[in-house]
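Chain residues, written in single-letter form:
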Amino acid sequence: MAAQLIKGTEIREEILEEITAEVQGIKEKHGVVPGLVTILVGENPASLSYVSLKIKTAERVGFKEVQDNQPADIPAEDLLALIDKYNNDNTIDGILVQLPLPDHVDEKKVLNAIDPDKDVDGFHPVNVGRLMIGGKEVKFPPCTPAGIQEMIVRAGVPTEGAEVVVVGRSNIVGKPIANMMLQKGPGANSTVTVVHTRTRDMAAHCKRADILIVAAGVPDLVKPEWIKPGACVIDVGVNRVGEKISAKTGKKVAILKGDVDFEAAKEIAGYITPVPGGVGPMTITMLMRNTLQSCKFKLGIA
Ligand code: GUN
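Remember, it's a predicted structure, so these values are computed and weren't measured experimentally. (Residues numbered from 1 in each chain as written. Predicted model: local features only at pLDDT ≥ 70, side-chain atom pairs only at ≥ 80, totals over all residues. Heavy atoms only, no water.)

On the basis of which strands lie adjacent, the open sheet formed by 3 strands has the order β3-β2-β4 and parallel pairing. Two strands close off the open sheet at either side, each with one partner strand: β3 (64-70) and β4 (94-97). Pairwise comparison of adjacent strand axes, ignoring direction, gives a mean angle of 15° for this sheet. Here strand β2 (residues 35-41) runs beside β3; their pairing, made up of 7 bridges, is parallel. Opposite Val41, over in β3, you have Gln70 as the bridge partner. Relative to β2, helix α3 (residues 76-87) is tilted by about 175°, and along the sheet it contacts β2, β3 and β4. The strands touched by helix α10 (residues 280-299) within the sheet are β2 and β4, with β2 carrying the most contacts at an inclination of about 130°. (Pairing = 2+ DSSP bridges. Helix = DSSP H or I, 4+ residues; strand = E, 2+ residues; numbered from the N terminus. Axes fitted to C-alpha atoms, helices over the stretch in contact; angles between N-to-C directions. Contact = heavy atoms within 4.5 Å.)

Here is the structure:
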């Protein structure tokens, strides 16, 4: 195998240790711990599992964690009132409303009701605007793109002047990561191209990429011949392509595949992220970092 693996599972451990130490320091010096509330509406099994991992991670780093589960039929006004309660709670630094929400609730209205200074997901239009401006204006970069940038930096991949090609233009990955990589500053300063379903020759663009970030949601979309030898390939895709029985637990588990043909691509790329164990673990890690950052802004030490 030619490529060096960039493992999110390992980088996560490094960052969570850094966060834990910082939380301890803040507690000793200021007598305060960062607070995160997770609001889960209904019992969607995937959401339940994501939220329980967020709670576990928050507890591990020493945060105060408030788990606020609400029934699927909660009236929209009650959900908005709940958000308002946490907006006004000084012990809460981060508010996370797990998506998707039930159909009777207007998702946009809910996300817009979160105080932008507690929006640790970075989904509020104010934070999207801050990200676009860049530099010190940015408070909460969205978690998956922030994780991607962190992986690139920690792997030592040069970004200055690099050709970055982003495959996919979603609001939560494609658009923000493109924006982040073109900003002035370390871990960025790149020349960015975004390709999508209407792009005429996707392969031709990908072949130019020093850093190829793929967030299309299509298993094996990126073929080995699209990859420039030595490139850094970040695969954001998590596609369920079947089920298997886990050798460890004996239970049915999903078979996951990325957007890149990993087996072939790893022979050509210089760096590559696996699926699972690549970008996935970084998202919750960055949520913890944003919550810590929010607490530091509150204390005037960020
Ligand atoms: N549902 C799936 N991913 C996410 C996420 O990153 N944040 C929120 N709030 N909901 C999600």
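Relative to strand β10 (residues 252-257), strand β9 (residues 239-245) runs antiparallel, the two sharing 6 bridges. Across the sheet, the residue bridging to Lys244 is Val253, located in β10. Adjacent in sequence and paired antiparallel, β9 and β10 are bridged by 6 residues, among which Gly250 carries a positive phi angle near 75°.

Here we take up the side chain of Thr38. Turning to its location among the elements, Thr38 is positioned in strand β2. Among the polar contacts made by the side chain of Thr38, one reaches the side chain of Glu65 at a distance of 3.3 Å. Discounting residues that sit within four places of it in the chain, Thr38 has contacts with Val51, Lys54, Ile55, Glu65, Val66, Gln67, Asp68 and Leu96. (Polar contact = N/O pair within 3.5 Å; in protein donor to acceptor, adjacent residues only side chain to side chain.)

Moving on, we get to the packing of helix α2 (residues 45-60) against α10. α10 packs onto α2 with a crossing angle of 50° between their chain directions and a minimal axis gap of 10 Å. When the interaxial angle is binned, α2 and α10 end up oblique. Once α2 is placed against α10, the crossing between them reads as right-handed. Of the residues in α10, those in contact with Tyr50, Leu53, Lys54, Thr57 and Ala58 of α2 are Ile284, Leu287 and Met288. Considering only residue class, the contact of α2 with α10 consists of 6 nonpolar, 1 polar and 1 charged. (Parallel < 35°, antiparallel > 145°, perpendicular 65-115°, else oblique. Left-handed = near helix turned anticlockwise from the far one by under 90°. Nonpolar A, V, L, I, M, F, W, Y, C, P; charged D, E, K, R; others polar.)

Okay, the nonpolar core next. Core analysis: the largest hydrophobic core is formed by 43 residues, its most contacted members being Ile19, Phe63, Ile148, Ile213, Ile234 and Met288. For this core, the elements supplying multiple residues, two or more each, are α1 (8-30), α6 (143-154), β5 (163-167), α7 (174-182), β7 (211-214), β8 (232-235) and α10. Val195, Met202, Val214 and Ile227 belong to the second-largest nonpolar core, a separate cluster that totals 20 residues. (Core = buried A, V, L, I, M, F, W, Y, C linked by side-chain atoms within 4.5 Å. Buried < 20%, exposed > 50% of the residue type's maximum accessible area, 1.4 Å probe, protein only.)

Strand order in this open sheet of 6 strands is β1-β11-β8-β7-β5-β6, and the pairing throughout is parallel. Of all the strands in the sheet, the pair left with one neighbour each is β1 (4-5) and β6 (191-195). Where β8 and strand β11 (residues 271-272) come together, 2 bridges link them in parallel fashion. Opposite Cys232, over in β11, you have Tyr271 as the bridge partner.

Per the stated rule, a full pass over the model turns up 1 aromatic pair. Ring geometry for Phe140 versus Phe297: centroids 6.3 Å apart, planes at 80°, classification edge-to-face. Residue Phe140 is located in the loop between α5 (125-133) and α6, and its partner Phe297 is located in helix α10; the two are separated by 157 residues in the primary sequence. Above the plane of the ring of Phe297 lies Lys139, whose end atom (NZ or CZ) is 4.8 Å from the centre. (Phe/Tyr/Trp six-rings, centres within 6.5 Å; stacked < 30°, edge-to-face > 60°. Lys NZ or Arg CZ within 6 Å of the ring centre and 35° of its normal.)

With respect to the helices, strands and loops of the structure, Leu101 is situated in the loop between β4 and α4 (107-113). Remark: the alpha-carbon pair of Leu101 and Gly187, spanning 86 residues in sequence, is separated by 34 Å. Among all residues touching Leu101, those that are not within four sequence positions of it are Val41, Leu79, Glu107 and Val110.

This brings us to the pattern of salt bridges. All chains considered together, the criterion is met by 17 salt bridges. As a salt-bridge pair, Asp93 and Lys298 come within 3.0 Å of each other at their nearest N and O atoms. Residue Asp93 is located in the loop between α3 and β4, and its partner Lys298 is located in helix α10; the two are separated by 205 residues in the primary sequence. As a salt-bridge pair, Lys139 and Asp117 come within 3.3 Å of each other at their nearest N and O atoms. With Lys139 in the loop between α5 and α6 and Asp117 in the loop between α4 and α5, this pair connects stretches of sequence that are 22 residues apart. By relative accessible area, which is 33% here, Asp117 ends up partly exposed. Because the salt bridges share partners, they merge into one network encompassing Glu14, Glu18, Glu150, Arg154 and Arg289. (Salt bridge = Lys/Arg side-chain N within 4 Å of Asp/Glu carboxyl O.)

With 16 residues, α2 should cover 22 Å at 1.5 Å per step; its first-to-last C-alpha distance of 23 Å lies within 8% of that length. N-capping of α2 is provided by Asn44, with a side-chain oxygen placed 2.9 Å from the backbone N of Ala46. Where α2 terminates, the next one or two residues include Gly62, which has phi positive at roughly 95°. (Expected span 1.5 Å × (residues − 1).)

Distances and angles like these do not, on their own, reveal function.
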